[in-house]
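The chain contents come next:
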Amino acid sequence: MSVAFTKEESAETAAETLLPDRPVSPHPNLVTEAGLKALELQLREAREAYDATSTIEDVNERRRQAAGPLRDLRYFAERLSTAQLIAAPTSTDIVAFGSTVTFSRDDGRVQTYRIVGEDEADPKAGSISYVSPVARILMGKGVGDVAEVGGQELEITAIS
């Protein structure tokens, strides 16, 4: 068959279909029960989005549209396979993974965060990753303890 009758992919199209993998944290993939369910849901949604691209007739367009969901599929499959479910803390004596901790800053602000896994952390929604500087400095401490992070003192006022 003559090359004139084959549809060649342009370099631009090829680059659009080869998205780099999402970075995977080197830290242990600790998750709460809610975090594990969220990862399962995200994997299912990525699979559905990828499957939906199979109806696109143009091969180049199908590859372009499938690139993002395929990358997400790889990422969430990896995160699920390495997930370590951590049971909710049984004590409120010390800050631990899964605890909700309230602390006051030396500038007067009072903040409350739940310490969770990296994929489920959302500071605006009140959750921070266990590897964040604030969580790392607070874990293992109790009510009344003071810790310093970023030049500010944090005093733990409640743990739940």
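Quick look at the overall build of the protein now. In terms of helices and strands, the protein carries four helices and seven strands. Tracing the protein from N to C terminus, the helices and strands come up as α-β-α-α-β-β-β-β-α-β-β. With 160 residues in all, the protein has 31% of them scored as buried. In the protein, the proportion of contacts linking residues at least 24 apart, taken out of those at least 6 apart, comes to 56%.

Applying the stated criterion across every chain, the model contains seven salt bridges. Note that Glu118 and Arg79 form a salt bridge whose closest N and O atoms lie 3.9 Å from each other. Taken together, the positions of Glu118 in the loop between β4 (110-116) and β5 (127-129) and Arg79 in helix α3 (residues 59-82) put the pair 39 residues apart, joining distant regions of the chain. Its relative accessible area of 24% is what places Glu118 among the partly exposed residues. On the accessibility criterion, Arg79 (2% relative accessible area) is buried. Here the salt bridges do not stand alone but share partners, grouping Arg79, Glu118 and Asp119 into one network.

Take the packing of helix α2 (residues 33-52) against α3 next. Two elements in contact, α2 and α3, have axes whose closest approach is 8 Å; the angle formed by their N-to-C orientations is 150°. One element, α2, and the other, α3, form an angle in the roughly antiparallel class. The two elements α2 and α3 meet at a crossing, and its hand is left-handed. Facing α2, whose interface residues are Leu36, Leu39, Glu40, Gln42, Leu43, Ala46, Arg47, Ala49 and Tyr50, α3 presents Ala66, Pro69, Leu70, Asp72, Leu73, Phe76, Ala77, Arg79 and Leu80. Class assignment for the residues of the contact of α2 with α3 results in 13 nonpolar, one polar and four charged.

What follows deals with the packing of aromatic side chains. This structure, assessed with the given rule, holds three aromatic pairs. An angle of 75° between the planes, with centres 5.7 Å apart, marks the rings of Phe97 and Tyr130 as edge-to-face. Here Tyr130 lies in the loop between β5 and α4 (133-138) and Phe97 lies in the loop between β2 (84-85) and β3 (100-105), a separation of 33 residues in the sequence. Tyr130 carries the same exposure label as Phe97, and that label is buried.

Our focus in this paragraph is the side chain of Gln111. Locating Gln111 in the fold gives a position in strand β4. A relative accessible area of 16% means that Gln111 is categorised as buried. In this structure the side chain of Gln111 is engaged in a polar contact, spanning 2.5 Å, whose partner is the side chain of Arg105. Apart from the residues lying within four places of it in its own chain, the contact partners of Gln111 are Val101, Thr102, Phe103 and Arg105.

With that settled, the discussion passes to the sheet that holds β4. The mixed open sheet is built from five strands, whose spatial order is β5-β4-β3-β7-β6. Only two strands of the sheet have a single neighbouring strand rather than two, namely β5 and β6 (146-149). Averaged over all pairs of adjacent strands, the angle between their axes in this sheet comes to 45°, without regard to strand direction. Here five bridges tie β3 to strand β7 (residues 152-159), and the two strands are oriented antiparallel to one another.

Basis of the calculations
Residues numbered from 1 in each chain as written. Predicted model: local features only at pLDDT ≥ 70, side-chain atom pairs only at ≥ 80, totals over all residues. Heavy atoms only, no water. Helix = DSSP H or I, 4+ residues; strand = E, 2+ residues; numbered from the N terminus. Buried < 20%, exposed > 50% of the residue type's maximum accessible area, 1.4 Å probe, protein only. Contact = heavy atoms within 4.5 Å. Salt bridge = Lys/Arg side-chain N within 4 Å of Asp/Glu carboxyl O. Axes fitted to C-alpha atoms, helices over the stretch in contact; angles between N-to-C directions. Parallel < 35°, antiparallel > 145°, perpendicular 65-115°, else oblique. Left-handed = near helix turned anticlockwise from the far one by under 90°. Nonpolar A, V, L, I, M, F, W, Y, C, P; charged D, E, K, R; others polar. Phe/Tyr/Trp six-rings, centres within 6.5 Å; stacked < 30°, edge-to-face > 60°. Polar contact = N/O pair within 3.5 Å; in protein donor to acceptor, adjacent residues only side chain to side chain. Pairing = 2+ DSSP bridges.

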